[in-house]
Amino acid sequence: MAARKIISMKSIFYTAVSLVWIFGLSAIGHITMVLIEKNNPAIKFNFGKGCFVAGLIIIYLTRFLKSDGWQSFIGIMGGFGMWFSWEYSLMYAGERMGVTYAWNGSYPEYRLMEWSAIALVMVFTYLMYQESVRCNFIYFLRRKLRLMRGVVATGKIDNYGPRTAFEYIMITWTFYVLLMLGYDEQLFGAYSWFTYLVFLASFSVFFYLCYKLLSYDKFGPNLKYAIPTVTILWNDVEILSKWGMLKEPWVHINWPIMSVIIAGFAVSTYLIVKDLRKRKKEMIESKDIV
Amino acid sequence: MRNWKYIFIALVIMLFAQSVQAEEAAAKKLSYDERMKIIENQFFAAAQEGKTIKGVLVEGNSLFNGTTAPQNHYEKPYAKEELRPVKFSAERNSKVFLLTKDGTLYYPTPPKGERISQSMNSPRIPRVLTEAQKKGPKLKPWATLVPLVGMEVEVFGEVYPGYGGIKGIYIESIKFEGDPQFEKQD
(Lines give C-alpha, C1' and ligand atoms only; values in the text may rest on other atoms or scores of the structure.)
Protein backbone atom coordinates (compact mmCIF):
# COMPACT_ATOMS: atom_id res chain seq x y z
CA MET A 1 0.00 0.00 0.00
CA ALA A 2 1.16 3.52 -0.67
CA ALA A 3 2.07 5.49 2.42
CA ARG A 4 -0.89 7.68 3.36
CA LYS A 5 -0.07 11.31 2.68
CA ILE A 6 -1.58 14.50 3.88
CA ILE A 7 -3.88 15.93 1.23
CA SER A 8 -2.21 19.04 -0.12
CA MET A 9 -3.25 21.70 -2.60
CA LYS A 10 -0.75 20.14 -4.95
CA SER A 11 -2.43 16.74 -4.83
CA ILE A 12 -5.85 18.36 -5.32
CA PHE A 13 -4.48 20.11 -8.41
CA TYR A 14 -2.98 16.91 -9.84
CA THR A 15 -6.16 14.96 -9.13
CA ALA A 16 -8.41 17.58 -10.74
CA VAL A 17 -6.25 17.84 -13.85
CA SER A 18 -6.05 14.05 -14.23
CA LEU A 19 -9.81 13.63 -13.85
CA VAL A 20 -10.53 16.36 -16.39
CA TRP A 21 -8.04 14.85 -18.83
CA ILE A 22 -9.39 11.30 -18.65
CA PHE A 23 -13.00 12.51 -18.79
CA GLY A 24 -12.17 14.75 -21.77
CA LEU A 25 -10.41 11.89 -23.54
CA SER A 26 -13.45 9.61 -23.17
CA ALA A 27 -15.85 12.35 -24.31
CA ILE A 28 -13.69 13.22 -27.33
CA GLY A 29 -13.44 9.52 -28.20
CA HIS A 30 -17.22 9.23 -28.15
CA ILE A 31 -17.85 12.34 -30.23
CA THR A 32 -15.26 11.24 -32.79
CA MET A 33 -17.17 8.00 -33.28
CA VAL A 34 -20.50 9.83 -33.47
CA LEU A 35 -19.17 12.34 -36.02
CA ILE A 36 -17.72 9.61 -38.22
CA GLU A 37 -21.00 7.67 -38.06
CA LYS A 38 -22.97 10.80 -38.85
CA ASN A 39 -20.87 12.38 -41.58
CA ASN A 40 -18.92 9.63 -43.20
CA PRO A 41 -19.67 6.10 -42.01
CA ALA A 42 -17.79 4.69 -45.01
CA ILE A 43 -14.46 5.38 -43.31
CA LYS A 44 -15.27 3.94 -39.91
CA PHE A 45 -13.66 0.55 -40.33
CA ASN A 46 -10.49 2.06 -41.80
CA PHE A 47 -10.44 4.44 -38.86
CA GLY A 48 -10.72 1.41 -36.56
CA LYS A 49 -7.78 -0.28 -38.29
CA GLY A 50 -5.77 2.94 -37.99
CA CYS A 51 -6.53 3.10 -34.28
CA PHE A 52 -5.32 -0.47 -33.83
CA VAL A 53 -2.00 0.16 -35.55
CA ALA A 54 -1.51 3.50 -33.81
CA GLY A 55 -2.37 1.96 -30.41
CA LEU A 56 0.09 -0.87 -30.90
CA ILE A 57 2.90 1.46 -32.04
CA ILE A 58 2.23 3.90 -29.20
CA ILE A 59 2.44 1.09 -26.64
CA TYR A 60 5.72 -0.04 -28.19
CA LEU A 61 7.11 3.49 -28.10
CA THR A 62 6.62 3.70 -24.34
CA ARG A 63 9.67 1.46 -23.97
CA PHE A 64 11.82 4.47 -24.82
CA LEU A 65 10.49 6.47 -21.87
CA LYS A 66 11.99 6.56 -18.44
CA SER A 67 9.56 8.54 -16.36
CA ASP A 68 6.45 6.82 -15.09
CA GLY A 69 4.50 10.03 -15.75
CA TRP A 70 5.27 10.07 -19.47
CA GLN A 71 4.74 6.33 -19.69
CA SER A 72 1.31 6.54 -18.07
CA PHE A 73 0.29 9.55 -20.17
CA ILE A 74 1.26 7.90 -23.44
CA GLY A 75 0.21 4.40 -22.33
CA ILE A 76 -3.37 5.62 -21.85
CA MET A 77 -3.38 6.83 -25.47
CA GLY A 78 -2.16 3.40 -26.62
CA GLY A 79 -4.87 1.62 -24.66
CA PHE A 80 -7.42 4.11 -25.94
CA GLY A 81 -6.45 3.42 -29.56
CA MET A 82 -6.65 -0.32 -29.11
CA TRP A 83 -9.99 -0.05 -27.34
CA PHE A 84 -11.38 2.03 -30.21
CA SER A 85 -10.29 -0.62 -32.67
CA TRP A 86 -12.03 -3.35 -30.67
CA GLU A 87 -15.29 -1.39 -30.70
CA TYR A 88 -15.03 -0.95 -34.46
CA SER A 89 -14.23 -4.63 -34.95
CA LEU A 90 -17.38 -5.55 -33.01
CA MET A 91 -19.38 -3.10 -35.12
CA TYR A 92 -18.09 -4.89 -38.19
CA ALA A 93 -18.89 -8.29 -36.67
CA GLY A 94 -22.38 -7.04 -35.82
CA GLU A 95 -22.99 -6.05 -39.44
CA ARG A 96 -21.62 -9.31 -40.76
CA MET A 97 -23.71 -11.43 -38.40
CA GLY A 98 -26.86 -9.32 -38.50
CA VAL A 99 -26.84 -8.35 -34.84
CA THR A 100 -29.65 -5.87 -34.28
CA TYR A 101 -30.10 -3.01 -31.85
CA ALA A 102 -31.83 -4.20 -28.70
CA TRP A 103 -35.37 -2.99 -28.24
CA ASN A 104 -34.21 -0.78 -25.40
CA GLY A 105 -31.71 0.81 -27.78
CA SER A 106 -28.45 -1.00 -26.91
CA TYR A 107 -26.05 -0.96 -29.83
CA PRO A 108 -25.10 -4.23 -31.62
CA GLU A 109 -21.38 -3.93 -30.82
CA TYR A 110 -22.09 -3.70 -27.08
CA ARG A 111 -24.59 -6.54 -27.28
CA LEU A 112 -21.76 -8.63 -28.68
CA MET A 113 -19.35 -7.37 -26.04
CA GLU A 114 -21.74 -8.50 -23.30
CA TRP A 115 -20.93 -12.10 -24.14
CA SER A 116 -17.22 -11.58 -23.67
CA ALA A 117 -18.04 -11.70 -19.95
CA ILE A 118 -16.54 -15.15 -19.45
CA ALA A 119 -13.38 -14.16 -21.36
CA LEU A 120 -13.15 -11.16 -19.05
CA VAL A 121 -13.47 -13.38 -15.98
CA MET A 122 -10.76 -15.69 -17.33
CA VAL A 123 -8.33 -12.79 -17.88
CA PHE A 124 -9.21 -11.36 -14.46
CA THR A 125 -8.63 -14.74 -12.79
CA TYR A 126 -5.18 -14.86 -14.34
CA LEU A 127 -4.44 -11.33 -13.12
CA MET A 128 -5.51 -12.21 -9.59
CA TYR A 129 -2.86 -14.92 -9.42
CA GLN A 130 -0.20 -13.10 -11.41
CA GLU A 131 2.33 -12.18 -8.72
CA SER A 132 3.62 -9.03 -10.39
CA VAL A 133 0.18 -7.39 -10.68
CA ARG A 134 0.02 -4.42 -8.28
CA CYS A 135 -3.58 -3.32 -8.75
CA ASN A 136 -5.03 -2.11 -5.43
CA PHE A 137 -8.38 -3.82 -6.04
CA ILE A 138 -6.66 -7.11 -6.83
CA TYR A 139 -4.51 -6.68 -3.70
CA PHE A 140 -7.70 -6.26 -1.72
CA LEU A 141 -9.23 -9.42 -3.20
CA ARG A 142 -6.05 -11.40 -2.63
CA ARG A 143 -5.96 -10.33 0.98
CA LYS A 144 -9.63 -10.92 1.73
CA LEU A 145 -9.96 -14.16 -0.19
CA ARG A 146 -6.55 -15.48 0.85
CA LEU A 147 -5.65 -16.26 -2.72
CA MET A 148 -1.87 -16.28 -2.70
CA ARG A 149 0.36 -19.04 -1.43
CA GLY A 150 3.48 -16.95 -1.07
CA VAL A 151 4.68 -13.39 -1.20
CA VAL A 152 3.93 -11.32 -4.28
CA ALA A 153 6.64 -9.81 -6.46
CA THR A 154 8.08 -6.52 -5.36
CA GLY A 155 10.63 -4.16 -6.82
CA LYS A 156 10.76 -1.45 -9.41
CA ILE A 157 8.33 -1.40 -12.31
CA ASP A 158 9.75 -0.18 -15.59
CA ASN A 159 6.92 -0.87 -18.03
CA TYR A 160 4.30 1.58 -16.87
CA GLY A 161 3.25 2.38 -20.44
CA PRO A 162 1.94 -1.05 -21.46
CA ARG A 163 0.59 -1.61 -17.95
CA THR A 164 -1.42 1.59 -18.09
CA ALA A 165 -2.67 0.74 -21.58
CA PHE A 166 -3.78 -2.66 -20.33
CA GLU A 167 -5.34 -1.09 -17.25
CA TYR A 168 -7.35 1.27 -19.45
CA ILE A 169 -8.54 -1.62 -21.62
CA MET A 170 -9.44 -3.90 -18.70
CA ILE A 171 -11.33 -1.25 -16.77
CA THR A 172 -13.29 -0.06 -19.79
CA TRP A 173 -14.04 -3.66 -20.77
CA THR A 174 -15.19 -4.58 -17.24
CA PHE A 175 -17.62 -1.71 -16.94
CA TYR A 176 -19.03 -2.09 -20.44
CA VAL A 177 -19.75 -5.76 -19.71
CA LEU A 178 -21.28 -4.86 -16.34
CA LEU A 179 -23.54 -2.24 -17.91
CA MET A 180 -24.56 -4.49 -20.78
CA LEU A 181 -25.46 -7.30 -18.38
CA GLY A 182 -27.58 -4.78 -16.51
CA TYR A 183 -29.27 -3.41 -19.64
CA ASP A 184 -30.09 -6.89 -20.94
CA GLU A 185 -33.86 -7.10 -20.55
CA GLN A 186 -33.72 -10.90 -20.55
CA LEU A 187 -31.32 -10.92 -17.61
CA PHE A 188 -31.96 -7.77 -15.58
CA GLY A 189 -33.11 -4.73 -17.58
CA ALA A 190 -32.44 -1.00 -17.77
CA TYR A 191 -34.87 -0.37 -14.90
CA SER A 192 -33.95 -3.44 -12.85
CA TRP A 193 -32.58 -3.55 -9.30
CA PHE A 194 -29.21 -4.52 -10.77
CA THR A 195 -28.91 -1.34 -12.85
CA TYR A 196 -30.03 0.78 -9.87
CA LEU A 197 -27.42 -0.98 -7.75
CA VAL A 198 -24.67 -0.34 -10.33
CA PHE A 199 -25.76 3.29 -10.48
CA LEU A 200 -25.69 3.75 -6.72
CA ALA A 201 -22.48 1.76 -6.18
CA SER A 202 -20.69 3.66 -8.96
CA PHE A 203 -21.80 6.99 -7.53
CA SER A 204 -20.50 6.09 -4.06
CA VAL A 205 -17.28 4.44 -5.19
CA PHE A 206 -16.45 7.45 -7.38
CA PHE A 207 -16.12 9.64 -4.28
CA TYR A 208 -14.09 7.02 -2.45
CA LEU A 209 -11.71 6.72 -5.40
CA CYS A 210 -11.42 10.52 -5.59
CA TYR A 211 -10.42 10.52 -1.94
CA LYS A 212 -7.80 7.83 -2.60
CA LEU A 213 -6.61 9.71 -5.66
CA LEU A 214 -5.93 12.76 -3.52
CA SER A 215 -3.10 10.94 -1.78
CA TYR A 216 -0.99 11.05 -4.96
CA ASP A 217 0.75 14.18 -6.10
CA LYS A 218 2.45 13.16 -9.32
CA PHE A 219 0.93 12.74 -12.74
CA GLY A 220 2.18 9.16 -13.07
CA PRO A 221 0.00 7.61 -10.36
CA ASN A 222 -2.67 10.29 -10.63
CA LEU A 223 -3.35 9.53 -14.28
CA LYS A 224 -3.27 5.78 -13.68
CA TYR A 225 -5.77 5.92 -10.83
CA ALA A 226 -7.91 8.53 -12.56
CA ILE A 227 -8.81 5.83 -15.13
CA PRO A 228 -11.00 3.73 -12.77
CA THR A 229 -12.27 6.85 -11.04
CA VAL A 230 -13.58 8.45 -14.23
CA THR A 231 -14.78 5.15 -15.69
CA ILE A 232 -16.84 4.49 -12.55
CA LEU A 233 -18.41 7.93 -12.88
CA TRP A 234 -18.98 7.20 -16.57
CA ASN A 235 -21.25 4.29 -15.52
CA ASP A 236 -23.62 6.81 -14.01
CA VAL A 237 -23.46 9.01 -17.10
CA GLU A 238 -24.30 5.99 -19.27
CA ILE A 239 -27.12 4.81 -17.00
CA LEU A 240 -28.69 8.28 -16.81
CA SER A 241 -28.61 8.46 -20.57
CA LYS A 242 -30.12 4.96 -20.80
CA TRP A 243 -32.96 6.16 -18.62
CA GLY A 244 -33.41 9.13 -20.95
CA MET A 245 -32.59 11.55 -18.13
CA LEU A 246 -29.41 12.84 -19.73
CA LYS A 247 -28.81 13.78 -23.32
CA GLU A 248 -25.10 13.05 -23.68
CA PRO A 249 -23.47 16.05 -25.36
CA TRP A 250 -21.13 13.74 -27.32
CA VAL A 251 -24.01 11.67 -28.71
CA HIS A 252 -26.38 14.53 -29.47
CA ILE A 253 -23.45 16.75 -30.50
CA ASN A 254 -24.04 19.67 -28.20
CA TRP A 255 -21.19 21.91 -29.34
CA PRO A 256 -21.36 24.49 -26.49
CA ILE A 257 -20.89 21.74 -23.88
CA MET A 258 -18.41 19.85 -26.04
CA SER A 259 -16.38 23.03 -26.50
CA VAL A 260 -16.01 23.32 -22.73
CA ILE A 261 -14.97 19.65 -22.49
CA ILE A 262 -12.48 20.00 -25.37
CA ALA A 263 -11.07 23.20 -23.85
CA GLY A 264 -10.72 21.40 -20.50
CA PHE A 265 -8.95 18.55 -22.24
CA ALA A 266 -6.59 20.93 -24.05
CA VAL A 267 -5.73 22.87 -20.89
CA SER A 268 -5.21 19.70 -18.86
CA THR A 269 -3.00 18.24 -21.62
CA TYR A 270 -0.91 21.42 -21.53
CA LEU A 271 -0.60 21.28 -17.74
CA ILE A 272 0.35 17.60 -17.75
CA VAL A 273 2.96 18.00 -20.50
CA LYS A 274 4.36 21.11 -18.83
CA ASP A 275 4.69 19.34 -15.49
CA LEU A 276 6.24 16.22 -16.99
CA ARG A 277 8.80 18.29 -18.89
CA LYS A 278 9.60 20.30 -15.79
CA ARG A 279 10.14 17.14 -13.78
CA LYS A 280 12.43 15.79 -16.45
CA LYS A 281 14.46 18.99 -16.36
CA GLU A 282 14.76 18.85 -12.62
CA MET A 283 15.91 15.24 -12.94
CA ILE A 284 13.41 14.10 -10.40
CA GLU A 285 13.31 10.35 -10.40
CA SER A 286 9.94 8.74 -10.02
CA LYS A 287 9.46 6.32 -7.19
CA ASP A 288 7.78 3.00 -7.34
CA ILE A 289 4.03 2.92 -7.04
CA VAL A 290 2.76 -0.01 -5.10
CA MET B 1 14.78 8.11 -29.98
CA ARG B 2 15.18 11.28 -27.93
CA ASN B 3 12.36 13.05 -29.69
CA TRP B 4 10.07 10.08 -29.91
CA LYS B 5 7.19 12.11 -28.43
CA TYR B 6 7.07 14.01 -31.68
CA ILE B 7 6.73 10.70 -33.52
CA PHE B 8 3.75 9.96 -31.30
CA ILE B 9 2.16 13.34 -32.04
CA ALA B 10 2.78 12.77 -35.76
CA LEU B 11 1.04 9.38 -35.49
CA VAL B 12 -2.01 10.88 -33.86
CA ILE B 13 -2.11 13.65 -36.48
CA MET B 14 -1.85 11.06 -39.27
CA LEU B 15 -4.71 9.11 -37.75
CA PHE B 16 -6.96 12.12 -37.60
CA ALA B 17 -5.79 13.36 -40.98
CA GLN B 18 -7.14 10.14 -42.44
CA SER B 19 -10.61 10.91 -41.17
CA VAL B 20 -10.37 14.61 -42.02
CA GLN B 21 -9.36 13.75 -45.57
CA ALA B 22 -12.35 11.48 -45.95
CA GLU B 23 -14.51 14.13 -44.29
CA GLU B 24 -13.43 16.65 -46.90
CA ALA B 25 -14.25 14.23 -49.69
CA ALA B 26 -17.70 13.83 -48.22
CA ALA B 27 -18.07 17.57 -47.70
CA LYS B 28 -17.56 18.15 -51.41
CA LYS B 29 -20.79 16.24 -51.90
CA LEU B 30 -23.36 17.20 -49.28
CA SER B 31 -23.17 17.88 -45.58
CA TYR B 32 -25.13 15.78 -43.12
CA ASP B 33 -27.60 18.60 -42.47
CA GLU B 34 -28.13 19.15 -46.19
CA ARG B 35 -28.76 15.45 -46.69
CA MET B 36 -31.22 15.36 -43.79
CA LYS B 37 -33.01 18.41 -45.18
CA ILE B 38 -33.44 16.67 -48.55
CA ILE B 39 -34.71 13.51 -46.84
CA GLU B 40 -37.21 15.57 -44.82
CA ASN B 41 -38.47 17.50 -47.85
CA GLN B 42 -38.79 14.28 -49.81
CA PHE B 43 -40.75 12.65 -46.99
CA PHE B 44 -43.19 15.52 -46.43
CA ALA B 45 -43.74 16.01 -50.17
CA ALA B 46 -44.49 12.29 -50.53
CA ALA B 47 -46.78 12.41 -47.48
CA GLN B 48 -48.78 15.23 -49.08
CA GLU B 49 -49.16 13.22 -52.25
CA GLY B 50 -50.18 10.16 -50.26
CA LYS B 51 -47.04 8.26 -51.26
CA THR B 52 -45.90 7.38 -47.76
CA ILE B 53 -47.06 4.19 -46.12
CA LYS B 54 -48.51 4.02 -42.62
CA GLY B 55 -48.48 0.76 -40.75
CA VAL B 56 -47.49 -1.06 -37.60
CA LEU B 57 -44.24 -2.95 -37.30
CA VAL B 58 -44.88 -6.58 -36.50
CA GLU B 59 -42.61 -9.46 -35.66
CA GLY B 60 -42.54 -12.18 -38.32
CA ASN B 61 -41.99 -15.48 -36.49
CA SER B 62 -44.98 -15.20 -34.18
CA LEU B 63 -47.14 -13.80 -36.98
CA PHE B 64 -46.40 -16.60 -39.42
CA ASN B 65 -46.72 -19.45 -36.93
CA GLY B 66 -49.94 -18.00 -35.58
CA THR B 67 -48.74 -17.34 -32.04
CA THR B 68 -49.85 -13.73 -32.33
CA ALA B 69 -52.40 -12.11 -34.61
CA PRO B 70 -51.49 -8.44 -34.94
CA GLN B 71 -53.47 -8.31 -38.20
CA ASN B 72 -56.70 -8.50 -36.20
CA HIS B 73 -55.97 -5.54 -33.92
CA TYR B 74 -54.37 -2.73 -35.88
CA GLU B 75 -54.81 -0.14 -33.12
CA LYS B 76 -53.17 -2.38 -30.49
CA PRO B 77 -51.42 -5.18 -32.38
CA TYR B 78 -50.02 -6.88 -29.30
CA ALA B 79 -51.46 -7.53 -25.87
CA LYS B 80 -49.29 -6.40 -22.95
CA GLU B 81 -48.00 -9.93 -22.32
CA GLU B 82 -47.20 -10.40 -26.03
CA LEU B 83 -45.16 -7.27 -26.51
CA ARG B 84 -42.07 -8.28 -24.51
CA PRO B 85 -41.66 -11.69 -26.19
CA VAL B 86 -42.10 -10.29 -29.70
CA LYS B 87 -39.53 -7.60 -28.99
CA PHE B 88 -37.11 -10.20 -27.67
CA SER B 89 -37.66 -12.24 -30.84
CA ALA B 90 -37.05 -9.17 -32.98
CA GLU B 91 -33.79 -8.39 -31.21
CA ARG B 92 -32.84 -12.04 -31.79
CA ASN B 93 -33.19 -11.17 -35.46
CA SER B 94 -36.59 -12.57 -36.26
CA LYS B 95 -37.76 -10.53 -39.27
CA VAL B 96 -39.82 -7.40 -38.77
CA PHE B 97 -42.62 -6.56 -41.24
CA LEU B 98 -44.73 -3.50 -41.85
CA LEU B 99 -48.45 -4.24 -41.66
CA THR B 100 -50.85 -1.64 -43.01
CA LYS B 101 -54.45 -1.08 -41.95
CA ASP B 102 -55.75 -2.75 -45.14
CA GLY B 103 -53.79 -5.89 -44.26
CA THR B 104 -50.93 -5.53 -46.75
CA LEU B 105 -47.66 -6.89 -45.48
CA TYR B 106 -44.37 -5.24 -46.46
CA TYR B 107 -41.01 -6.94 -46.03
CA PRO B 108 -38.20 -4.38 -45.45
CA THR B 109 -35.41 -4.96 -47.95
CA PRO B 110 -32.23 -3.24 -49.09
CA PRO B 111 -32.53 -1.21 -52.33
CA LYS B 112 -33.02 -3.15 -55.54
CA GLY B 113 -29.77 -4.37 -57.03
CA GLU B 114 -27.86 -4.72 -53.75
CA ARG B 115 -26.59 -8.28 -53.89
CA ILE B 116 -24.76 -8.63 -50.59
CA SER B 117 -26.84 -7.15 -47.82
CA GLN B 118 -27.50 -7.50 -44.14
CA SER B 119 -30.54 -8.06 -41.95
CA MET B 120 -32.73 -4.98 -42.29
CA ASN B 121 -33.47 -5.12 -38.56
CA SER B 122 -30.02 -3.63 -38.04
CA PRO B 123 -29.30 -0.56 -40.21
CA ARG B 124 -30.10 2.93 -39.04
CA ILE B 125 -32.93 4.58 -40.96
CA PRO B 126 -33.04 8.42 -41.11
CA ARG B 127 -35.80 9.63 -38.84
CA VAL B 128 -37.92 12.54 -40.01
CA LEU B 129 -38.90 14.88 -37.20
CA THR B 130 -41.91 17.19 -37.17
CA GLU B 131 -41.47 20.83 -36.14
CA ALA B 132 -43.04 20.03 -32.76
CA GLN B 133 -40.58 17.15 -32.22
CA LYS B 134 -37.66 19.41 -33.13
CA LYS B 135 -38.72 21.92 -30.48
CA GLY B 136 -39.08 19.28 -27.76
CA PRO B 137 -36.37 17.21 -26.03
CA LYS B 138 -33.59 16.20 -28.40
CA LEU B 139 -34.36 13.03 -30.37
CA LYS B 140 -31.95 10.90 -32.35
CA PRO B 141 -32.24 11.62 -36.08
CA TRP B 142 -32.27 7.90 -36.87
CA ALA B 143 -34.05 4.76 -35.78
CA THR B 144 -33.84 1.02 -36.25
CA LEU B 145 -36.81 -1.30 -36.59
CA VAL B 146 -36.47 -3.48 -33.49
CA PRO B 147 -37.32 -0.86 -30.82
CA LEU B 148 -40.36 0.16 -32.90
CA VAL B 149 -42.06 -3.25 -32.99
CA GLY B 150 -45.73 -2.88 -32.11
CA MET B 151 -45.76 0.84 -32.94
CA GLU B 152 -47.39 2.69 -35.78
CA VAL B 153 -44.88 4.31 -38.13
CA GLU B 154 -45.02 6.18 -41.41
CA VAL B 155 -42.36 5.32 -43.96
CA PHE B 156 -41.17 6.60 -47.28
CA GLY B 157 -39.30 4.41 -49.72
CA GLU B 158 -39.28 2.28 -52.81
CA VAL B 159 -41.93 -0.41 -52.99
CA TYR B 160 -41.27 -3.67 -54.87
CA PRO B 161 -43.88 -6.18 -56.06
CA GLY B 162 -42.44 -8.90 -53.81
CA TYR B 163 -43.87 -12.40 -53.86
CA GLY B 164 -46.97 -14.26 -52.72
CA GLY B 165 -48.84 -11.09 -51.82
CA ILE B 166 -46.06 -9.78 -49.55
CA LYS B 167 -44.51 -6.65 -50.97
CA GLY B 168 -40.92 -5.52 -50.58
CA ILE B 169 -40.03 -2.06 -49.33
CA TYR B 170 -36.76 -0.22 -49.13
CA ILE B 171 -37.38 2.24 -46.28
CA GLU B 172 -35.57 5.51 -46.97
CA SER B 173 -36.99 7.47 -44.05
CA ILE B 174 -39.31 6.91 -41.14
CA LYS B 175 -41.55 9.02 -38.90
CA PHE B 176 -43.09 8.09 -35.57
CA GLU B 177 -44.11 9.53 -32.23
CA GLY B 178 -42.08 9.45 -29.01
CA ASP B 179 -38.79 7.85 -28.10
CA PRO B 180 -39.66 4.17 -27.53
CA GLN B 181 -36.26 3.02 -26.32
CA PHE B 182 -36.68 5.04 -23.12
CA GLU B 183 -40.19 3.82 -22.38
CA LYS B 184 -40.37 1.54 -19.41
CA GLN B 185 -42.20 -1.64 -20.41
CA ASP B 186 -43.25 -4.03 -17.69
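An account of the accompanying structure is given in this report. (Residues numbered from 1 in each chain as written. Chains lettered and ligands numbered in written order. Predicted model: local features only at pLDDT ≥ 70, side-chain atom pairs only at ≥ 80, totals over all residues. Heavy atoms only, no water.)

1. Description of the overall build of chain B
At step 1: In terms of regular secondary structure, chain B is built from 5 helices and 7 strands.
At step 2: Listed by position from the N terminus, the elements making up chain B come as α-α-β-α-α-β-β-β-α-β-β-β.
At step 3: Residues classed as buried in chain B amount to 45% of the 186 residues present.
At step 4: Contacts in chain B between residues far apart in sequence, at least 24 positions, make up 67% of those at least 6 positions apart. (Helix = DSSP H or I, 4+ residues; strand = E, 2+ residues; numbered from the N terminus. Buried < 20%, exposed > 50% of the residue type's maximum accessible area, 1.4 Å probe, protein only. Contact = heavy atoms within 4.5 Å.)

2. So, the side chain of Asn235(A)
At step 1: Within the secondary structure layout, Asn235(A) lies in helix H9 (residues 219-242).
At step 2: Contact partners of Asn235(A), with chain neighbours within four places excluded, come to Phe175(A), Leu179(A), Val198(A) and Ser202(A).

3. A short note on the pairing of strand S3 (residues 105-108) of chain B
All names here are of chain B.
At step 1: With 2 bridges joining them, strand S2 (residues 96-99) and S3 adopt antiparallel strand pairing. Within S3, the residue paired with leucine 98 across the bridge is tyrosine 106.
At step 2: What sits between the antiparallel neighbours S2 and S3 is a turn of 5 residues, in which glycine 103 has the positive phi angle 90°.
At step 3: Relative to strand S7 (residues 166-175), S3 runs parallel, the two being bridged by 3 bridges. The partner of tyrosine 106 across the bridge, within S7, is lysine 167. (Pairing = 2+ DSSP bridges.)

4. Some details on the pairing of S7(B)
At step 1: Relative to S7(B), strand S6 (residues 152-163) of chain B is paired through 8 bridges, and the arrangement is antiparallel. Looking at S7(B), one finds that Glu154(B) is bridged to Lys175(B).

5. Details of the interface of chain B and chain A
At step 1: Counting from both sides, the interface comprises 39 residues of chain B and, opposite them, 43 residues of chain A.
At step 2: Roughly 4000 Å² of surface becomes buried between chain B and chain A when both sides are summed, with 62% attributable to carbon and sulfur atoms.
At step 3: Applying the counting rule to chain B against chain A returns 1 salt bridge.
At step 4: With its nearest N and O atoms 3.9 Å apart, the salt bridge here joins Lys247(A) to Asp179(B).
At step 5: When contributions to the side of chain B that touches chain A are tallied by element, the ones reaching two or more residues are helix H1 (4-29), helix H2 (32-48) and helix H4 (80-91) of chain B.
At step 6: If one sorts the elements of the side of chain B that touches chain A by residue count, H1(B) sits on top with 12 residues.
At step 7: Its residues placed into classes, the side of chain B that touches chain A shows 17 nonpolar, 10 polar and 12 charged. (Buried area = accessible area lost by both parts, 1.4 Å probe. Salt bridge = Lys/Arg side-chain N within 4 Å of Asp/Glu carboxyl O. Nonpolar A, V, L, I, M, F, W, Y, C, P; charged D, E, K, R; others polar.)

6. Points about the sheet that holds S3(B)
At step 1: Spatially, the 5 strands close up into a barrel ordered S1-S2-S3-S7-S6 (chain B), and their pairing is mixed. Shown here is a sheet whose adjacent strand axes are inclined to one another by a mean of 50°, direction ignored. (Axes fitted to C-alpha atoms, helices over the stretch in contact; angles between N-to-C directions.)

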